[in-house]
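# Observations on the three-dimensional arrangement
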Number of protein chains: 2
Amino acid sequence: MKVMVLLSGGMDSATCLGLALREEDEVWTVSFDYGQRHAIELAAAHAVAAHWGIAPERRLVVPLDHVFSGSALTGHADVPLARSQGEIGQDVPITYVPARNLVFLSIATALAEPLDVQALFIGANALDYSGYPDCRPAFLDAFARTAQLGTRSGIEGSGLVVRAPLLQMRKREIVLLGHELGVPFALTHSCYLGLRPACGQCDACQLRRKGFAEAGLTDPLPYASNA
Amino acid sequence: MKVMVLLSGGMDSATCLGLALREEDEVWTVSFDYGQRHAIELAAAHAVAAHWGIAPERRLVVPLDHVFSGSALTGHADVPLARSQGEIGQDVPITYVPARNLVFLSIATALAEPLDVQALFIGANALDYSGYPDCRPAFLDAFARTAQLGTRSGIEGSGLVVRAPLLQMRKREIVLLGHELGVPFALTHSCYLGLRPACGQCDACQLRRKGFAEAGLTDPLPYASNA
């Protein structure tokens, strides 16, 4: 099957890409340049895709200026640090980017249809995650139905499928799966602050480190010494 | 209510804007620069919004490069001309732009949420239309539900409403409503070929001319002499 993977450069989307490469015939990636604070993500996405030999013409990058605002990830608000595991995922955090996955999936749909791509892969995760509404199964199901109804291929019966293979996995399981798939974790990037060494204290760093710790594996990323 | 109108510069979105201005407290517009063949549309959107005195900071324009392809409206395929009324709207035409309204509504949602905009207005029309799947009620309903599920405001109960007040109107009724609202039809643009004078023969020109004729009103737009 010809598929397109939403690739942010984080460990989840990289693992999702690894799965797609193992299981599908032809894999494209799409990344978004949306003014994210951690623009280093895009370099990570590029490095991960290049590591696996995906041809440059199958790695799409969409510039999205003037679309996202009002989030600590795109603006100047402070990213919360060192929150407890109990706090993470309880509420929608200020790192929430309004309608981000909705926009990403919609644009991926627009790109996929003329290419006859049959499935979109997204590394959304609803368990060890940061509390974003657009990472939940109900949202993804509703999106898939909307894309079916709003596209020619959808109403003609051959529409796009949305796959979120990591949706019900714990971070620990994602680390183990990625390890098995040979995901180049050293090339991925998670830190909300966009730091290298990673800050180790934002929600994304904390979830990542917890996942590696619980999997009994070493995270190859360097972290700040005070993390 | 604070609302945002998707403004293409065509007669339907201009009428939709007129309705919003009559009924709502604060009206924003959003237009998309997506490489459409009829880029003259954007100038029309600007002119219509300026005519009604909408402040420049409330008129958003989103550049969308590299997103849409595979349509006669963005590529080099021929726009069909002089199709019969029976042919128009029967199938999805080659002027279909993949997932266009899905992308537009998604981005409008991303823009609206941090501004506390409470409703999106879209001039989609499912009767005298060109057969696009993303202009149908089922699609718009599914989108609204998806946006509710995928946004913070949606899951917190104050989410965005999607209004398509022209959805079940005939083109004739839209012309009459626009006339009553004082829509500056002379500033709007419909022709798929992006021509001035308008070609008069593409589906969009034909539907527009039929609407004015049936309403018994004169379309102020000039048409090519052979139209």
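What counts and how
- Residues numbered from 1 in each chain as written.
- Chains lettered and ligands numbered in written order.
- Predicted model: local features only at pLDDT ≥ 70, side-chain atom pairs only at ≥ 80, totals over all residues.
- Helix = DSSP H or I, 4+ residues; strand = E, 2+ residues; numbered from the N terminus.
- Rg over C-alpha atoms; globule rule 2.2 N^0.38 Å.
- Buried ≥ 20, exposed ≤ 12 C-beta atoms within 10 Å, placed from the backbone.
- Contact = placed C-beta atoms within 7 Å.
- Nonpolar A, V, L, I, M, F, W, Y, C, P; charged D, E, K, R; others polar.
- Pairing = 2+ DSSP bridges.
- Axes fitted to C-alpha atoms, helices over the stretch in contact; angles between N-to-C directions.
- pLDDT = per-residue confidence, 0-100.
- Parallel < 35°, antiparallel > 145°, perpendicular 65-115°, else oblique.
- Left-handed = near helix turned anticlockwise from the far one by under 90°.
- Expected span 1.5 Å × (residues − 1).

### Here's the deal with the overall build of chain A
If you tally the helices and strands in chain A, you get seven helices and five strands. Traced from its N-terminal end to its C-terminal end, chain A shows the element sequence β-α-β-α-β-α-β-α-α-β-α-α. Relative to the compact-globule value of 17 Å for 227 residues, chain A shows a C-alpha radius of gyration of 17 Å, a close match. Relative to its 227 residues, chain A shows a buried fraction of 54%. Restricting the contact set of chain A to residue pairs at least 6 apart, pairs at least 24 apart contribute 73%.

### A word on the interface of chain A and chain B
Opposite the 37 residues of chain A that make contact, chain B presents 37 residues. Secondary-structure elements contributing two or more residues to the side of chain A that touches chain B are β3 (59-63), α3 (100-115), α4 (137-150) and α5 (152-155) of chain A. Ranked by residues supplied to the side of chain A that touches chain B, first place goes to α3 of chain A with ten residues. Grouping the amino acids of the side of chain A that touches chain B by side-chain chemistry returns 22 nonpolar, ten polar and five charged.

### Quick look at the sheet that holds β3 of chain A
Residue and element names in this part refer to chain A. A sheet is described by the order of its strands in space; here five strands give the open sequence β3-β2-β1-β4-β5, paired in parallel fashion. Each edge of the open sheet is held by one strand with a lone partner, namely β3 and β5 (161-163). Along the sheet, successive strands turn relative to each other by an average axial angle of 25 degrees, direction set aside. Relative to β3, strand β2 (residues 26-33) is paired through five bridges, and the arrangement is parallel. The partner of S31 across the bridge, within β3, is V61. Each of β1 (2-6), β2, β3, β4 (119-121) and β5 touches α3; the most contacted strand, β1, lies at about 150 degrees to it.

### Some thoughts on the confidence of the model for chain A
Per-residue pLDDT for chain A has a mean of 89; in total, 91% of the residues score no lower than 70. The ipTM, which scores confidence in the relative placement of chains, is 0.89 for this predicted complex, and the corresponding pTM is 0.91.

### Description of the packing of α4 of chain A against helix α4 (residues 137-150) of chain B
At a minimum axis distance of 8 Å, the contact between α4 of chain A and α4 of chain B shows a crossing angle of 155 degrees. Classified by the interaxial angle, the pair formed by α4 of chain A and α4 of chain B is roughly antiparallel. Between α4 of chain A and α4 of chain B lies a crossing of left-handed hand. Taken together, the residues of α4 of chain B that come into contact with α4 of chain A (itself represented by A138, F139, A142, F143, R145, T146, L149 and G150 of chain A) are A138, F139, A142, F143, R145, T146, L149 and G150 of chain B. Across the contact of α4 of chain A with α4 of chain B, the residue classes tally to ten nonpolar, four polar and two charged.

### Brief notes about the sheet that holds strand β3 (residues 59-63) of chain B
Backbone-to-backbone hydrogen bonds join strands into a sheet, with any given pair of strands oriented parallel or antiparallel. Residue and element names in this part refer to chain B. Taking strand neighbours across the sheet as the criterion, the five strands line up as β3-β2-β1-β4-β5 in an open arrangement whose pairing is parallel. Since the sheet does not close on itself, it has two edges, and those belong to β3 and β5 (161-163), each with one partner. With strand direction ignored, the average angle separating the axes of adjacent strands in the sheet is 25 degrees. Pairing between strand β4 (residues 119-121) and β5: three bridges, direction parallel. Directly across from A119, in β5, lies its bridge partner V161. Packed on one face of the sheet, helix α1 (residues 11-23) meets β1 (2-6), β2 (26-33) and β4 and runs near 170 degrees to β1.

### Some words on the packing of α1 of chain B against helix α6 (residues 171-181) of chain B
All names here are of chain B. Following both chains from N to C, one finds α1 and α6 inclined at 45 degrees, their axes separated by 9 Å at the closest point. The orientation of α1 relative to α6 falls into the category oblique. In this structure, α1 crosses over α6, and the sense of that crossing is left-handed. Listed contacts from α6 to M11, D12, A14, T15, G18, L19 and R22 of α1 are I174, L177, G178 and L181. Taken together, the residues of the contact of α1 with α6 break down into six nonpolar, three polar and two charged.

### Let's talk about unusual backbone geometry
Residues and elements named next belong to chain A. In this structure, the amide linkage connecting R196 to the following residue, P197, adopts the cis form with an omega of -5 degrees. Secondary-structure assignment places P197 in the loop between α6 (171-181) and α7 (203-215). Even without glycine at this site, D116 takes up a positive phi of about 60 degrees. Tracing the sequence through the fold places D116 in the loop between α3 and β4. On the neighbour-count criterion, D116 (12 C-beta atoms within 10 Å) is exposed.

### Here we look at α7 of chain A
Residue and element names in this part refer to chain A. Taking 1.5 Å of rise per residue, the 13 residues of α7 would be expected to cover 18 Å, and the 18 Å separating its terminal C-alpha atoms lies within 8% of that figure. Among the residues of α7, D203, A204, C205, Q206, L207, R208, G211 and F212 are the ones counted as buried. Residue G216 follows α7 closely and has a positive phi angle near 70 degrees.

### A short note on the environment of M1 of chain A
All names here are of chain A. Within the fold, M1 resides in the segment before β1. On a C-alpha basis, the gap between M1 and V30 in space is 17 Å, while along the polypeptide they are 29 residues apart. Excluding its chain neighbours within four sequence positions, the residues that come into contact with M1 are E24, D25, Q118 and A119.

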